[in-house]
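Each chain is listed here by its residues.
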Amino acid sequence: MSTLRALAKAQALAAGVAQPVATVRHLHLSERPLVLVPLAMAGEANAPLAALVGTAPDDARLLVVPQPRNRDQRFAFAAELAAIVLPWLDGFRGVSEAVPVDRGKDVRYRYVDAPQLLVPNPAGITFLRLLGRSTRFRRPDGDYPVHPDVPLLGRWLTFFAERAEQPGSAALVAMTDALTLHWATGQSAVEDLHLPALLGWIDPPAGATGAQAAARAEDPTVCPPAGPATDPEFDNRVLAPAIAGYADAADDPDARAGAYAELERVLRDQLAPTWELMWRGVGLLRAVPAGARVAGRWDGDKDAFTGHSEHVDAGGGPQPRRDGAVAAAQRLHRLERALTSYAVQRAYDDPLVMAEHRLAGEAFVGDVTLADAKRVDDSGKRPVLRPRIQVVTTEPVPMPVGATLWSPARPAQKARVVFVTPAADGKTEVVLELSGGMGRGLTAPPGSLPEVGERLCYTTLSDGFMPAGAFPAPEETPWTHGGPPPRRADDAPAAGDGE
């Protein structure tokens, strides 16, 4: 936990209401997200019990598994879910847009929008990941056939689960993660995983503090758990008799219909409060303006959605159960690069996030007091424009002479530290030499250079291009990592080997 977040949590506890830790929204919110509130049976490995699904607050469809231990009913649930999810996905595949590549020399095409799936908490993401793993390899023929849409649903759920691992992606979002990214509460991180308690801190009812609202929300009779886990008291007192009543009515169609209706009522009452909280959270997030770089990260989700759609349309196979050694290394490298880029983009978008880096000595804020906009460096083969500015700051400047800095105000422009001089009153004078973002001439265009009196932030964080790492082909890796088997010393060469 950073120093500023710890301070925000202490302030939230003192004020009785959650404190904002962001000035902008750091994730994309779709105009029509699909909200899914899953419920699983306790004591069973990812056995679906029910789900509320829909794209609007008044468009909730309840799916129920009367006997979660029955595999046929489980896959019937998956088929019902597929009948909702797959048409919703197809709704994003109608219109494409051209995207320039290779510095404008060519274009590629992607869909103009991508789907967004919202679940209450990280456990909901785990539920979908496991559901995708259990369905994407099923077959519509042979032994134990399933509906043809079931394996396709599994592949899409796996796609969403993999995108959830990508830092900055908004394809599959846990509402608790989205809210804690923007607000700090006066409770622990574990307690923040409880959606009713979390929203009690962020938006408490009139006359109540966040702690009082959270304490009330933790009562399962008032606010049931946000899924997929159920409350043990509910399981024993309500759910078990309802399931038993449905099972006992197997021979009487009228009684069975009544028992099913009662089971539906019980499960809807359990899921409805979380459904309302999900849309309340969406409203809170929509009230926060989006950061400048959110759209760029959503473009990455659109690219991933387009790529997976094309893979499915071309008859490509389902995602493997596990990655090979090279694929796993590539995935880890890709996630690490995305995490670094995401942290820098959040800092560039949000002064509150950048403040954490200022405390860590990775950035400082100061005022431009001098500027030489026409300075030219003629020591090389040809003269180049190299303006210098002096920034006065009251913050520590641990960057050494020669270090390269960037400013969120002009991210394409580099600033090399030339001098760092202590001044009076605890201030520090920093002389910076600028390059980039000024065109190719010896006169900088208006607005491309900082002006005297401008207040700027300079940081060691860069959002520039990061080249991908080089990895060997699978056949070039050792046999211990999935490559070809080792050749025994006593193996005789085959005819035609040239040995």
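All of these numbers come straight from a predicted model, not from anything done at the bench.

Asker: Please provide a residue-by-residue account of the overall build of the protein, values included.
Answerer: Scanning the protein from terminus to terminus reveals 12 helices and 17 strands. The C-alpha extent of the protein, read off along each of the three principal axes, is 95 × 90 × 50 Å. Counting only residues that meet the buried cut, the protein has 44% of its 499 residues in that class. Pairs at least 24 apart in sequence give 68% of the contacts found in the protein among residues at least 6 apart.

Asker: Lay out helix α11 (residues 325-349) in plain terms, naming residues and giving numbers.
Answerer: Relative to the 36 Å expected for 25 residues at 1.5 Å per residue, α11 spans 36 Å between its end C-alpha atoms, a close match to the ideal helical length. The complete set of buried residues in α11 reads V326, L335, A338, S341, Y342, V344, Q345, R346, A347, Y348 and D349.

Asker: I'd like a description of the pairing of strand β14 (residues 404-407), backed by residues and values.
Answerer: Looking along a regular strand, one sees the side chains alternate between the two faces of the sheet. Strand direction decides the pairing type here: β14 and strand β15 (residues 410-422), joined by 4 bridges, are antiparallel. Counterpart to T404 in the pairing with β15 is R416. The turn linking β14 back onto β15 is made up of 2 residues.

Asker: Give me the packing of helix α6 (residues 195-202) against helix α7 (residues 210-217): which residues, what numbers.
Answerer: Look at α6 against α7: their axes get within 7 Å of each other, and the N-to-C directions meet at 160°. Looking at the two axes, α6 sits roughly antiparallel to α7. The hand of the α6/α7 crossing is right-handed. Every residue of α7 that contacts α6 at P196, A197, G200 and W201 is listed here: G210, A211, A213, A214 and A217. Across the contact of α6 with α7, the residue classes tally to 7 nonpolar, 2 polar and no charged.

Asker: Break down the packing of helix α3 (residues 122-135) against helix α4 (residues 149-164) for me, citing the residues and quoting the values.
Answerer: Where α3 contacts α4, the axes come no closer than 7 Å and their chain directions differ by 140°. Between α3 and α4, the angle is such that the two are oblique. Judged by the sense of rotation from one axis to the other, the crossing of α3 with α4 is left-handed. For the pair α3 and α4, contact is made by I125, L128, R129, L131, G132, R133 and T135 and by V150, P151, G154, L157, T158, A161 and A164, respectively. Taken together, the residues of the contact of α3 with α4 sort by class into 8 nonpolar, 4 polar and 2 charged.

Asker: Run through the packing of aromatic side chains, naming residues and quoting values.
Answerer: Going through the model one piece at a time under the given rule, you end up with 9 aromatic pairs. Summarising the aromatic geometry, the rings of W88 and F160 are spaced 6.4 Å apart at their centres and angled 20° between planes, so their arrangement reads as stacked. Of this pair, W88 sits in helix α2 (residues 71-90) while F160 sits in helix α4; the two residues are 72 residues apart in sequence, bridging distant segments of the chain. For F160, a relative accessible area of 1% puts it in the buried group. Judged by centre distance (5.9 Å) and plane angle (65°), the rings of W275 and W279 are edge-to-face. Placement of the pair is W275 and W279 together in helix α9 (residues 253-286), with a separation of 4 residues, close to one helical turn.

Asker: Can you explain the nonpolar core? Please cite residues and give values.
Answerer: Membership of the largest hydrophobic core comes to 81 residues, with the highest contact counts inside it found for L81, F160, L179 and L267. In terms of residues, this core owes the most to one element, α2, which gives 11 residues. I389, A403, V430 and M438 belong to the second-largest nonpolar core, a separate cluster that totals 19 residues.

Asker: Quick rundown of the sheet that holds strand β2 (residues 34-40)? Include the residues and the values.
Answerer: Paired through their backbone hydrogen bonds, the strands of a sheet run either parallel or antiparallel. Taken in spatial order, the 5 strands make up an open sheet running β4-β3-β2-β7-β8, and their pairing is mixed. Of all strands in the sheet, those bounded by a partner on one side alone are β4 (61-64) and β8 (172-174). Strand-to-strand, the axes of this sheet are offset by a mean angle of 20°, without reference to chain direction. Here β2 pairs with strand β3 (residues 48-54) via 6 bridges, running antiparallel.

Asker: Just give me the short version of the side chain of E395, but keep the residues and values in it.
Answerer: Positionally, E395 belongs in the loop between β13 (388-393) and β14. If we ignore the near neighbours within four places in the chain, the residues touching E395 are R358, A363, F364, V365 and T428.

Asker: Explain the side chain of R346 residue by residue, including any values.
Answerer: The residue R346 is located in helix α11 in this model. In this structure, R346 is buried with no salt-bridge partner, the nearest side chain bearing the opposite charge being D350 at 6.0 Å. When near neighbours in sequence (up to four residues on either side) are disregarded, R346 contacts H26, L181 and V353.

Asker: Give me the pattern of salt bridges: which residues, what numbers.
Answerer: With the rule as written, the count across this model stands at 27 salt bridges. Put simply, E262 and R265 hold a salt bridge, and the shortest N to O gap is 2.6 Å. Separated by 3 residues within a single helix, E262 and R265 lie in helix α9, roughly one turn from each other. For E262, a relative accessible area of 35% puts it in the partly exposed group.

Asker: Please provide a residue-by-residue account of the environment of V119, values included.
Answerer: Relative to the assigned elements, V119 resides in strand β7 (residues 117-119). Remark: the alpha-carbon pair of V119 and L271, spanning 152 residues in sequence, is separated by 12 Å.

Asker: Talk me through the environment of R256; I want residue IDs and the actual numbers.
Answerer: As for its position among the elements, R256 is in helix α9. R256 gets classed as partly exposed once you look at its relative accessible area, which sits at 26%. Considering only alpha carbons, one finds R256 and K381, 125 residues apart in sequence, at a separation of 89 Å. In contact with R256, other than residues within four places in its own chain, are Y246, A249 and A250.

Asker: Pulling in residues and values, what's your account of the pairing of β2?
Answerer: Of all 7 residues that make up β2, 7 are buried, and the element is covered over most of its length. Side chains L34, L36, P38 and A40 project from β2 onto one buried face, and the interleaved V35, V37 and L39 project onto a second face that is buried too. Bridge count for β2 against β7 is 2 bridges, and the pairing is parallel. When the sheet's bridge partners are listed, V35 is paired in β7 with L118.

Asker: So, helix α8 (residues 232-248): which residues are in play, and what are the values?
Answerer: Between its terminal C-alpha atoms α8 stretches 22 Å, which fits the 24 Å expected from 17 residues at 1.5 Å a residue. The sharpest bend along α8 comes to roughly 40°, located at L239, with the proline P241 sitting one to four residues further on. Where α8 is buried, its residues contact β3 and α9.

What counts, and at which threshold
- Residues numbered from 1 in each chain as written.
- Predicted model: local features only at pLDDT ≥ 70, side-chain atom pairs only at ≥ 80, totals over all residues.
- Heavy atoms only, no water.
- Helix = DSSP H or I, 4+ residues; strand = E, 2+ residues; numbered from the N terminus.
- Buried < 20%, exposed > 50% of the residue type's maximum accessible area, 1.4 Å probe, protein only.
- Contact = heavy atoms within 4.5 Å.
- Expected span 1.5 Å × (residues − 1).
- Pairing = 2+ DSSP bridges.
- Axes fitted to C-alpha atoms, helices over the stretch in contact; angles between N-to-C directions.
- Parallel < 35°, antiparallel > 145°, perpendicular 65-115°, else oblique.
- Left-handed = near helix turned anticlockwise from the far one by under 90°.
- Nonpolar A, V, L, I, M, F, W, Y, C, P; charged D, E, K, R; others polar.
- Phe/Tyr/Trp six-rings, centres within 6.5 Å; stacked < 30°, edge-to-face > 60°.
- Core = buried A, V, L, I, M, F, W, Y, C linked by side-chain atoms within 4.5 Å.
- Lys, Arg positive; Asp, Glu negative; His and termini not counted.
- Salt bridge = Lys/Arg side-chain N within 4 Å of Asp/Glu carboxyl O.
- Bend = angle between axes of the 7 residues up to and from the residue.

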